[in-house]
Amino acid sequence: MTITLHELKQNKRQFLIWTAAIGFLLAVCVFLFPEMKGEMDGMNDIFSSMGSFTEAFGMDKISFGTLTGFYAVECGNILGLGGAFFASLCAVSMLAKEETGHTAAFLLTHPISRIRVILEKLAAMLLQVILLNLILYVLAAASIALIGEDIPWKELTLLHLAYFLLQTELAGICFGISAFLRRGSTGLGIGVAVLLYFLNLVANITEQAEFLKYLTPFGYAEGADLITSLRLDGRLVGIGMVLGALGILLGCWKYCTKDIYS
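Below is a summary of the structure that appears in this document. (Residues numbered from 1 in each chain as written. Predicted model: local features only at pLDDT ≥ 70, side-chain atom pairs only at ≥ 80, totals over all residues. Heavy atoms only, no water.)

1. A closer look at the nonpolar core
Judged by nonpolar contacts, the single largest core of 68 residues is most densely connected at Tyr 71, Met 125 and Phe 175. Breaking this core down by element, the ones donating at least two residues are α2 (12-37), α5 (67-92), α8 (114-146), α9 (153-178), α10 (186-205), α11 (223-229) and α12 (234-257). Not counting chain neighbours up to four residues away, the residues in contact with Phe 175 comprise Ala 91, Met 94, Leu 95, Ile 118, Lys 121, Leu 122, Met 125 and Ile 248. (Core = buried A, V, L, I, M, F, W, Y, C linked by side-chain atoms within 4.5 Å. Buried < 20%, exposed > 50% of the residue type's maximum accessible area, 1.4 Å probe, protein only. Helix = DSSP H or I, 4+ residues; strand = E, 2+ residues; numbered from the N terminus. Contact = heavy atoms within 4.5 Å.)

Rendered as structure tokens:
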């Protein structure tokens, strides 16, 4: 577990910054709900008449006057995008950083296989995603309790589970991409997350583009859909996990066969 511990230590600052930033925005969003609660009836009418914009964010399916509806859309965007950016950034440089930092020669001259390097780096990546989501879940529940609202455990757990699966899929895809890079690319990681988010918006707006939901993890992490149905779409989740696993397997194959320059 030496490599795993080293990766966790090396990424500690990035992890703390992203966790603090997402957690702060999440808490602020929850604390705003009591102030906005009384004004939400009028806001619902406004949002419901905004056409494609309403459909893109699922605001025609839920009420902003309820905690679950407010949390699904407002806090959901923070969790979805913030978590997606973190997972993508964490994974996209995971296998490329040894070449970027010119430490590959030091690492690979030790009696350790490339498969072990991959598995330990993969473990470090997944541990960070798990810890991020556990912290945010506890923070969300605590914030809701502090504003005097009953905690909707079922809806809250379902939403956070969906965002965790979303981040896991994105991390798997970007982990695979990192094996093909000579240098880590922050822009590429953010770009993948933004592209998949945009594809989901297009799928929400246009019926002819609904097939795009099968290509993006944001398709099964729609807060409005989760709150109204109270279940995950097993088919979309299954496809997403397969895509994430394929990304990891492809990354393993590439990393084990490519020439690594120090």
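Now that the structure has been shown, we can carry on.
2. Comments concerning the pattern of salt bridges
Any two side chains of opposite charge can pair, so long as their charged atoms come close to each other. The full count for this structure, using the stated rule, is three salt bridges. Linking Lys 121 and Glu 7 is a salt bridge whose minimum nitrogen-to-oxygen distance equals 2.6 Å. Here the residue Lys 121 occupies a position in helix α8, and Glu 7 occupies one in helix α1 (residues 2-10), the gap between them amounting to 114 residues. One exposure class covers both Lys 121 and Glu 7, and it is buried. The salt bridge partner of Lys 213 is Glu 222, with a shortest N-O separation of 3.6 Å. Note on accessibility: Lys 213 and Glu 222 belong to one class, buried. (Salt bridge = Lys/Arg side-chain N within 4 Å of Asp/Glu carboxyl O.)

3. Focus on empty space enclosed by the protein
If you walk through the whole model with that rule in mind, you get two cavities of 30 Å³ or more. Taken together, Leu 67, Thr 68, Tyr 71, Ile 144, Pro 152, Glu 155, Leu 156 and Leu 159 make up the lining of the second largest cavity. Sorting the residues of the lining of the second largest cavity by element identifies α5 and α9 as the ones contributing at least two each. Considered class by class, the residues forming the lining of the second largest cavity number six nonpolar, one polar and one charged. (1 Å grid on protein atoms, 1.4 Å probe; cavity = no way out; pocket = protein on both sides within 12 Å on 5 of 7 lines; lining within 4 Å. Points joined across faces, edges and corners; volume = space filled by probe spheres on them. Nonpolar A, V, L, I, M, F, W, Y, C, P; charged D, E, K, R; others polar.)

4. Re the side chain of Ser 88
Among the secondary structure elements, Ser 88 is positioned in helix α5. On the basis of relative accessible area, Ser 88 is assigned to the buried category, the value being 0%. In this structure, Ser 88 is in contact with Leu 170, Cys 174, Gly 189 and Ala 193, ignoring residues within four places of it in sequence.

5. Side note on unusual backbone geometry
We note that Leu 230 has phi near 55°; this positive angle belongs to a residue other than glycine. Following the sequence through the fold, Leu 230 ends up in the loop between α11 and α12.

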